[in-house]
Structure formats: structure tokens, C-alpha cells
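Take a look at the letters that make up each chain.
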Amino acid sequence: MNQSSFSRRTLLKTAGGILVTGGLAHASNLMPRDIDLQKNSKDLIFRSTEPRNGEPELAKLVQSWQTPTELFYVRSHAPNPTINPKEFRLKVEGLVRQPISLSLDELRRLPEKTTTATLTCAGNRRSEYNGPEYEDVPKVGGVQWEGGTIGNATWAGTLLANVLKQAEVTEGAKHVWFEGLDRIPKNGQTIGFGGSIPIEKAMHDAGNGAPLLTHTMNGAALTPDHGYPLRMVVPGYIGARSVKWLGKIVVSDRPSPNHYVATAYKIVKKTTPLDWSESGPIYRFPINAAICTPKPHTQLAAGEVELTGYALPSGRSGSSIKDVLISADEGRTWTRGEMTGKTQDFCWQLWKAKVKINPTTKTLVLRASDSAGGFMPARVPWNAKGYLRNSWYRLPIDAG
Ligand SMILES: Nc1nc2c(c(=O)[nH]1)N[C@H]1C(S)=C(S)[C@@H](COP(=O)(O)O)O[C@H]1N2
Ligand SMILES: [Mo]
């Protein structure tokens, strides 16, 4: 990556905005956005409360295309850190000519960008890895998520690319690290939660896929659960790259050595140092989908049944859902679902379908495909950490 690919003109244009530290806009006119901080009500099923890990009931999740904050899953590795917004600084360091330190007010004065994007945990649907299909392999630990660790919110903040341009990234920059301010106990020490993305994604500044330094979620200040006062949102990538409580950005020639990049969030068969070193970090999420209504084991009379759910195309620009197909006979015949709600880059789609069942139907099976060639496979190979479960979604029903 050479310097000429970062426009010098944009640099100079945004420089004023970032470097203002004087009394231009007084902090007091920005404070109202912080007042609701403690409002943290959630309508989630908590799988653990210390740390907070919760997902919504699927039927509630698909009531709207834009996920209300109360229904947006929470995935945290440690208790929410307490951050004083007045003392907060975002630091940008590493392979840059101009290291930066930005207060919240300074961040909020930068050109604002709003993006709607879906976040999903790499562990979405993990509990299915412990189903009957996988008798011969070890149990998968970690939070036993069902299909609710996904949500589609509106995020506002400023482009990561603009701040990196301002810092003047130097040659040799290949990855951008994110460091969270939470403290996670690990092997007798505490570590921060780190993420890392390739420089090309970090510098991407067009369309819905541009990574965002985010202070606002669904029109309000981020709640503590979602990373107040500042988080990354990296559209198209697994949720783990969207680091919450973001305190530091480091530009580097290599991916972050942080545990959550170098070790966790990889597809491995065993959790040995050799296995970790042989596989790379997961970045983009693959296509996935779930049936959200009716609930599993609902009593249904033979005849026509109406189903609803979500389908997430793979995390690429221009990728949208091509087909949602449901089978009531274990994949012999398929019925096409219909998209409802919006279609937008890096966002999920909601769907509905009418399917005929008979008194012997035990399972409804869902698969989806997208315009980028992504499809949900009938089976997905087991992996030790239970990531990227995106095989056909199976809903058991009690027909009669
Ligand atoms: N600092 C920090 N950032 C984090 C995490 C964390 O534990 N600490 N969890 C990550 C994971 S695994 C996911 S899926 C998303 C979840 O974001 P949410 O809780 O806002 O839904 O945040 C990511 N960012
Ligand atoms: Mo996650």
C-alpha cells in the first residue's frame, strides 16, 4: 500500500476537524446524548449475567427489520468497564506519521456517517454443534447460543478511514488493531479484548461496508452493554471484530497478537498451539438463516403453515439473498419463501413462507443462497470452538 492511495487532499480537508481542541464547541452542548447512559433495559434471554451474554427470543427478533436496542444481543467477555466520558481518549498509534489522541467531543465533531448494518456473533447457533449429529466428537464449550446473536441496527459515528488518513498511515501498514478497555481474566492475568482487520478493509470509505468509529446506536448514545462511549462497527465481519469500549487503534504490519485474534475466533479441530498457528482469523461472515416463527415443537394441524425468519447474505458488498427455501420432507421438495422488509448491503433480510405439512411431518428445514454464490450447506464440519454454524436450519414441530 503506498502513500498515494490515501488522498492527500482529504487528509488536509479533515485535518482541521480533528485537530480542533480549543473552545469552539463547548462540551456542554454535547452532554445530553450521554444522559441516558444507565438506561440499560433488555428484553433478552441471558445465558450468563457475569459477564452479560443474552440473545432475544427469535419471534421478537424478526418483528422489525431494524432491531430495537432492547432486543439486540449482548456478547461480552468481561463486565462492562466504567469509562469517564470526560477523560476518555481514543489513541491512534503504530505505523502512522501523526499519532492521534481524540476526546469524545472531538470525535463527535468529525464528519458524521450513519450506516445500517447487521452484526452477528461467530458463535450464533453454536448449541446445534452439541446436537445428535455430532455424537463422535467432543462437546463444544462456550456460550450455548441459539439463533439470536444477530441484529440489524443503525450506527452513527465517523469513518475509520478518515481518522487513519489523518494519522498518515505509513508504508508497510497491513493490519489495523482495535483494543477494548474491558479487562478479561485469562490464565491468572487480565487482558483487553482485541480485534484486527486488514488495512484494505480499514481504509474502505465508500458505501455501507465502511468500518465506522461508532458513538450512536439507533439514534441514542451507545449503552454500556454495546460499548459506550465508542465502539467499532465493521460491516460484513464477525461481531468479534467490532470491538466495544474502544480505547486504542494500532496500525501494524501484522494481525494483532491479542488472544481474540491470534487464538480465539479461528476454525480448529483441536485447541493446540499448532492448530491455532495453522489457521487464520475469521473475518467475513458467511451466509446464514433461521426460522424464527413458529417456535420449536409448536403443535400444528396438518395443512398450510406460515413461517417467518431472517436470512443474512455473506458479508460482501452487493451480496443479497437469492433464495430462501423450506422443505417439509427432509429436502426432497422445497417451497420458496418471500422477502419482506428491506434489502440493503451488509444487512439481513426478513422473509415469510407458507409450507404444507402432513400429520407425519417432524421437521421443517430451511436453506438459503445469496447472489455472491454463498449457500448454506446441508452439514457443516464440526469445529472445536463451535463457530460459523450455518448448515440447513432444522425446526422440530409436533404435527397432528
Ligand atoms: N471490548 C470488547 N469488544 C467486543 C466483545 C468483548 O467482549 N469486548 N465481544 C465481541 C463479540 S464476540 C461480539 S459478537 C460483539 C457483540 O456486540 P454486542 O454485544 O453489541 O451485540 O462485540 C464484540 N466486541
Ligand atoms: Mo461474537
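Treat the numbers as computed from the prediction; the structure is a model and nothing was measured.

A. Region of the structure containing the side chain of D370. Considering the arrangement of structural elements, one finds D370 in strand β23 (residues 363–370). Among buried charged residues, D370 stands out as having no salt bridge; its nearest opposite-charge side chain is R316, 6.3 Å away. A polar atom in the side chain of D370 sits 2.9 Å from the backbone nitrogen of A372. A polar contact is formed between the side chain of D370 and the backbone nitrogen of G374, at a distance of 2.7 Å.

B. Looking closely at helix α4 (residues 160–167). Counting buried positions along α4 gives 8 out of 8 residues, so the element sits mostly inside the fold. Every buried residue belonging to α4 is among L160, A161, N162, V163, L164, K165, Q166 and A167, and all of these are buried. Of the residues one or two after α4, E168 is the one with positive phi, at around 60 degrees.

C. Structural detail: the sheet that holds strand β1 (residues 45–49). Read across the sheet, 3 strands follow the order β1-β2-β3 without closing on themselves; strand pairing throughout is antiparallel. With partners counted over all chains shown, the strands left at the sheet margins are β1 and β3 (74–75), one partner each. As defined by bridge partners, β1 adjoins strand β2 (residues 52–55) across 4 bridges and the pair is classed as antiparallel. Opposite S48, over in β2, you have N53 as the bridge partner.

D. A look at the nonpolar core. Core analysis: the largest hydrophobic core is formed by 94 residues, its most contacted members being W155, L164, F178 and I249. Counting residues in each nonpolar core, the second largest holds 8 residues, with V140, V268, W382 and A384 among its members.

E. Highlighting the domain arrangement of the protein chain. In terms of domains, the protein chain is made up of domain 1 (1–284) and domain 2 (288–399). Facing the 44 residues of domain 1 at the interface are 35 residues of domain 2. Each partner contributes to the roughly 3600 Å² buried at the junction of domain 1 and domain 2, and carbon and sulfur atoms together form 61% of this total. The three residues of domain 1 that bury the most area against domain 2 are W65, R125 and Y129, which together make up 23% of that side's buried surface. At the boundary of domain 1 with domain 2, the tally comes to 3 salt bridges. One salt bridge in this structure joins E133 and R389, with 3.5 Å as the shortest N-O distance. Of all the secondary structure elements, the ones that give two or more residues to the side of domain 1 that touches domain 2 are α2 (58–61), β6 (113–120) and β7 (150–159). If you tally residues by element for the side of domain 1 that touches domain 2, the top one is β6, at 4 residues. Of the residues belonging to the side of domain 1 that touches domain 2, the class tally is 21 nonpolar, 13 polar and 10 charged.

F. Region of interest: the side chain of H77. By the element assignment, H77 lies in the loop between β3 and β4 (90–94). A relative accessible area of 19% means that H77 is categorised as buried. Here the side chain of H77 touches R75 through a polar contact of 3.5 Å, side chain to side chain. Excluding anything up to four places from it in sequence, H77 contacts P51, I184, F193, Y260 and Y265.

Here is what the cut-offs are and how they apply
- Residues numbered from 1 in each chain as written.
- Chains lettered and ligands numbered in written order.
- Predicted model: local features only at pLDDT ≥ 70, side-chain atom pairs only at ≥ 80, totals over all residues.
- Heavy atoms only, no water.
- Helix = DSSP H or I, 4+ residues; strand = E, 2+ residues; numbered from the N terminus.
- Buried < 20%, exposed > 50% of the residue type's maximum accessible area, 1.4 Å probe, protein only.
- Lys, Arg positive; Asp, Glu negative; His and termini not counted.
- Salt bridge = Lys/Arg side-chain N within 4 Å of Asp/Glu carboxyl O.
- Polar contact = N/O pair within 3.5 Å; in protein donor to acceptor, adjacent residues only side chain to side chain.
- Pairing = 2+ DSSP bridges.
- Core = buried A, V, L, I, M, F, W, Y, C linked by side-chain atoms within 4.5 Å.
- Domains from an automatic or database assignment.
- Contact = heavy atoms within 4.5 Å.
- Buried area = accessible area lost by both parts, 1.4 Å probe.
- Nonpolar A, V, L, I, M, F, W, Y, C, P; charged D, E, K, R; others polar.

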